[in-house]
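# Chain and residue survey
As a plain string of letters, each chain reads:
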Amino acid sequence: MMRISSWIALAVLWSAPATASGFYEGKTISFVVGLAPGGGYDVYARLLARYFPKYVPGNPKVIVENRLGAASGTAATYVYRIAPKDGTVLGVTLEILPLYQRVFADRVAFDMSKVHWIGNMATMNSMIAVSDKSPVKTVQDMTKNEANLGSTGVLSLTYIVPALLNTLHGAKFRIVLGYRGTSEIDLAIERGELHGAGGQWTRYVSGRPDWIASGKIIPFLQFGPDDDPLMKGAPQLTSLAVNDQQRAVYRIISSAPRFARAMWVAPEVPSDRIVILRQAFDQALKDPGFLADARKAKLDISPTSVSDVEAAAADIGATPQEPIQMLRELLKDHK
């Protein structure tokens, strides 16, 4: 059954004034990425930027703008509160933001339950990976040995999951903050400053396949709706739960990959432009050139519909208060 939001989108398209399709002529669309250049979010955004304008009426210019800070919270705040609300600015932010906002609404200046999702380029599990130099290589090791894990910030799963493992399971991870993106983290792993980090395994599949082939990096733990065959042997976060409350918390975290490469616009963006952006997004992801470039770069393209992303956001909003409160209590001192 078609969701109500989909019927509304079609109705807007049919009734939109003729001038709506000409709005983007001569304009510049910005993809505001909350992570550093060269990382997974940035690479996907730059690939899409090459094909997206082809499918927007008026063929506007598309640029990628990196706004770093607070694990993409700075970018989210900019798109939500400061940037023009005319459909020329799209956010590309961490998959954890809808959940983090639910847990710590008082710490953020945006409301991901009100944004308009444009689409999601790929659903990919998050993970913790460790190097061959790490003293922790299995979940059994994490309570015996210390390991340094890099993180882009406390809004990120690269921080939240190790913090939970430390608190709930007695792990001995030392979480090192301050990295601007996964590229910086991987350089630190290469230099031996870090033993590993979280993120998406696909960044190694596409960017450092030699690390995988040589065993220099291995997946330690994964979290997502289903097992990722690329991380065969890595246990799911949910498998570590020892009671119903922990299972509920880990299930919420494992829902984050449904926003893995999602894009969105602020609540005030006019409906006719949302329709245009969503159509352009869908068409660009089917473009033969886009798909060929993605294959060449070994980027997973597994789009989910707007209705599926909306459903994921609704699921987080409907999560019972008890696991949300548990997350709040566990992370309240980690700002």
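Residues numbered from 1 in each chain as written. Predicted model: local features only at pLDDT ≥ 70, side-chain atom pairs only at ≥ 80, totals over all residues. Heavy atoms only, no water.

## Regarding the packing of helix α2 (residues 40–51) against helix α11 (residues 288–296)
The description of two packed helices rests on the angle between their axes and on the distance between the axes. Viewed as axis vectors pointing N to C, α2 and α11 meet at an angle of 155 degrees, and their least axial separation amounts to 9 Å. Overall, the two elements α2 and α11 adopt an arrangement that is roughly antiparallel. For the element pair α2 and α11, the recorded crossing hand is right-handed. Contact residues: L47, L48, R50 and Y51 in α2; G289, F290, D293 and A294 in α11. A per-class count over the contact of α2 with α11 returns 5 nonpolar, 1 polar and 2 charged. (Axes fitted to C-alpha atoms, helices over the stretch in contact; angles between N-to-C directions. Helix = DSSP H or I, 4+ residues; strand = E, 2+ residues; numbered from the N terminus. Parallel < 35°, antiparallel > 145°, perpendicular 65-115°, else oblique. Left-handed = near helix turned anticlockwise from the far one by under 90°. Contact = heavy atoms within 4.5 Å. Nonpolar A, V, L, I, M, F, W, Y, C, P; charged D, E, K, R; others polar.)

## What to know about the nonpolar core
Counting residues in each nonpolar core, the largest one holds 101 residues, and the members touching the most others are F31, L48, F52, L165 and I253. Every residue in contact with F52, bar those within four places of it in the chain, is listed here: I29, F31, V62, L277, A280, F281 and A284. Ranked by size, the runner-up nonpolar core spans 15 residues in total, among them M127, I185, L194 and M231. (Core = buried A, V, L, I, M, F, W, Y, C linked by side-chain atoms within 4.5 Å. Buried < 20%, exposed > 50% of the residue type's maximum accessible area, 1.4 Å probe, protein only.)

## A few points about the packing of aromatic side chains
The tally for this structure, following the rule as stated, stands at 8 aromatic pairs. On the basis of an interplanar angle of 90 degrees and a centroid distance of 6.0 Å, the ring pair of Y51 and F290 is categorised as edge-to-face. A residue pair is termed long-range when its members are at least 10 positions apart, and Y51 in helix α2 and F290 in helix α11 qualify at 239 residues. Both rings, one in Y100 and one in F104, keep their centres 5.2 Å apart while their planes meet at 50 degrees; by these two values the pair is tilted. The same class applies to Y100 as to F104, namely buried. By the ring-pair criterion, three or more aromatic residues cluster together here, those being W201, Y204 and W211. Seen from the ring of F23, K27 lies directly overhead, with NZ or CZ sitting 4.3 Å from the centre. The ring of Y41 carries the charged tip of R261 above its face, separated from the ring centre by 4.0 Å. (Phe/Tyr/Trp six-rings, centres within 6.5 Å; stacked < 30°, edge-to-face > 60°. Lys NZ or Arg CZ within 6 Å of the ring centre and 35° of its normal.)

## Brief notes about the sheet that holds strand β9 (residues 217–223)
Across the sheet, 5 strands lie side by side as β7-β6-β8-β5-β9; this open sheet has mixed pairing. At either margin of the open sheet sits one strand with a lone partner, and together these are β7 (173–176) and β9. Between one strand and the next, the sheet's axes are offset by a mean angle of 30 degrees, whatever the strand orientation. Across 5 bridges, the pairing between strand β5 (residues 126–131) and strand β8 (residues 196–200) is antiparallel. Bridge pairing links V130 to G196 in β8. (Pairing = 2+ DSSP bridges.)

## Remarks on the confidence of the model for the chain
With 93% of its residues at a pLDDT of at least 70, the chain reaches an overall mean of 90. With pLDDT under 50 throughout, residues 12–18 is counted as low confidence; its partners more than four residues away or in other chains account for 7 contacts. (pLDDT = per-residue confidence, 0-100.)

## Some remarks on the pairing of β9
β9 sits mainly inside the fold: 5 of its 7 residues count as buried. Across 6 bridges, the pairing between β5 and β9 is antiparallel. Within β9, the position partnered with M127 by the bridge is Q222.

## What about the environment of I63?
Looking at the element boundaries, I63 is found in strand β2 (residues 61–66). If sequence neighbours within four positions are ignored, I63 has contacts with T28, I29, S30 and F31.

## Re the side chain of Q246
Considering the arrangement of structural elements, one finds Q246 in helix α9 (residues 244–254). Taking the relative accessible area as the measure of exposure, Q246 reaches 6% and is therefore buried. Excluding anything up to four places from it in sequence, Q246 contacts L168, H169, L240, A241 and M326.

## A word on helix α13 (residues 321–331)
Residues of α13 that are buried include every one of P323, I324, M326, L327, L330 and L331, and no others. Mapping the buried residues of α13 onto a view down its axis gives an arc of 155 degrees, with all of them on the same face. Looking at the buried residues of α13, the elements they touch are α4 (97–103), α5 (157–169) and α9. (Arc of directions from axis to C-beta.)

## Comments concerning the packing of α5 against α13
Running from amino to carboxyl end, α5 crosses α13 at an angle of 85 degrees, the nearest separation of the two axes being 10 Å. Classified by the angle between their axes, α5 and α13 sit roughly perpendicular to one another. Each of I160, A163, L164, T167 and L168 in α5 lies in contact with α13, whose residues at this interface are M326, L327, L330 and L331. Grouping the amino acids of the contact of α5 with α13 by side-chain chemistry returns 8 nonpolar, 1 polar and no charged.

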